[in-house]
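Each chain is listed here by its residues.
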Amino acid sequence: MKKIFLFSLLFSLNAVAAVYGTDNRQLLSPSHSHYALSRSVAVLVPNNFIEDSKTVPGAKDLVTFPLSETQYLCPSERFASQPSFHVSCTGFLIAPDLLMTAGHCAVTFDEVRDEANSYCTDFSWNFDFEADSQGRVKTTGIPSENIYACEKIIHAAHTSIPVSPTVIDFKDDFAIIKLKKIVKDRTPFKLTNARPLPGDKVMILGHPLGAPKTISTGHILSNEATYDRSNVHSFQGNSGSPMLNSKGEVFGILVRGYPPSLIEKPGQQCNVVNRCNVAGTSCTEPDPDGQRIGEHSMPISLINKLKELGLVN
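Residues numbered from 1 in each chain as written. Predicted model: local features only at pLDDT ≥ 70, side-chain atom pairs only at ≥ 80, totals over all residues. Heavy atoms only, no water.

What is the right way to read the packing of aromatic side chains from this model?
The way to describe two aromatic rings as a pair is by their centre distance and the angle between their planes. In total, this model carries six aromatic pairs according to the counting rule given. With 5.4 Å between their ring centres and 90° between their planes, Phe127 and Tyr148 make a pair best called edge-to-face. Pair noted here: Phe127 is in the loop between strand E11 (123-126) and strand E12 (147-158) and Tyr148 is in strand E12, with a separation of 21 residues, a long-range link. Accessibility assignment for this pair places Phe127 and Tyr148 in one class, buried. Note on Phe170 and Tyr258: the rings are 6.4 Å apart at their centroids and 50° apart in plane angle, and the pair reads as tilted. With a gap of 88 residues between them, Phe170 in the loop between strand E14 (167-169) and strand E15 (173-179) and Tyr258 in strand E20 (residues 250-258) connect regions that are remote in the sequence. A relative accessible area of 10% places Phe170 in the buried class. Here the aromatic cluster, defined as three or more aromatic residues joined through ring pairs, consists of Phe170, Tyr227 and Tyr258. For Lys181, the ring lying beneath its charged end belongs to Tyr148, and the centroid distance is 4.8 Å. (Phe/Tyr/Trp six-rings, centres within 6.5 Å; stacked < 30°, edge-to-face > 60°. Helix = DSSP H or I, 4+ residues; strand = E, 2+ residues; numbered from the N terminus. Buried < 20%, exposed > 50% of the residue type's maximum accessible area, 1.4 Å probe, protein only. Lys NZ or Arg CZ within 6 Å of the ring centre and 35° of its normal.)

This is the structure in structure tokens:
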């Protein structure tokens, strides 16, 4: 079995948070009403966790571990037995050969343009890491054509600056990635500059904790200068997830959240989900640095590169 380890180049992953009120996370199987949308959502996979298939010539096997191992989830927690990647991000299709994700999934800090750095060359993207109608997740015999390599990072920015232990100047956190081949039979997401208002219903599609594709719904808590704050349920691995309005349009990219999403269960050596109220005013365990509770998404309207590429007005 391959040794699990954290990749230092993904040290800055920071989309963590919690469950707010009732846990409405659902696996996105073919029977789900939003499955068609979710087909254009992909998981970032370390290349050394993709192996030649032992049973299907020319196919690939994904090396995964249950969440009970990668995140030390207690057996009583939902999804504890689901397969997962120890380090991961989410991305989504915005053109036949372009994918968008969070900036910290493509650069440690600052900006890169038209570059194939290690975030590009050491990882690939898979659009079909999901449950079937019986809840089973296929990790072996994956057709090679379903694995997409990165050709280059067109533009990635991760420029938020800590001002003090409790204050962060939140800035850009996005990446646009060109894939080596065109993605067929999947429809790119429609992007919108319109930012939903407080109280508006929103949803997130992605790979929380590097696990199979899920959906969560919530609503906007506040609009800030450089991000929108919501109470969708998200975790590490949701970095780069599309945030959608009630029309199914992407208005933002999930980039971070507060407080920590997993906390140690008292008296046991395993983790449980950190739970907050719907308003995002209190949690089982507050953020250790005093950050305001909520999930942050970077608005599409603030990403000028999308306008340059003609992908949004």
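In this structure, what is going on with unusual backbone geometry? I would like to understand it.
For residues that are not glycine, phi is negative in most cases, and the peptide bond is trans in most cases. Here the residue pair Tyr258 and Pro259 is connected by a cis peptide bond, since its omega of 10° sits within 30 degrees of zero. Mapped onto the fold, Pro259 is located in the loop between E20 and strand E21 (262-264). In this model, Phe79 sits at a positive phi of 70°, which is unusual for a non-glycine residue. Mapping Phe79 onto the fold places it in the loop between helix H2 (67-70) and strand E7 (83-84). Its identity is not glycine, yet Asp185 carries a phi of approximately 60°, on the positive side. Relative accessible area serves as the criterion here: at 70%, Asp185 is assigned to the exposed category.

Any link to function would need more than the numbers given here.
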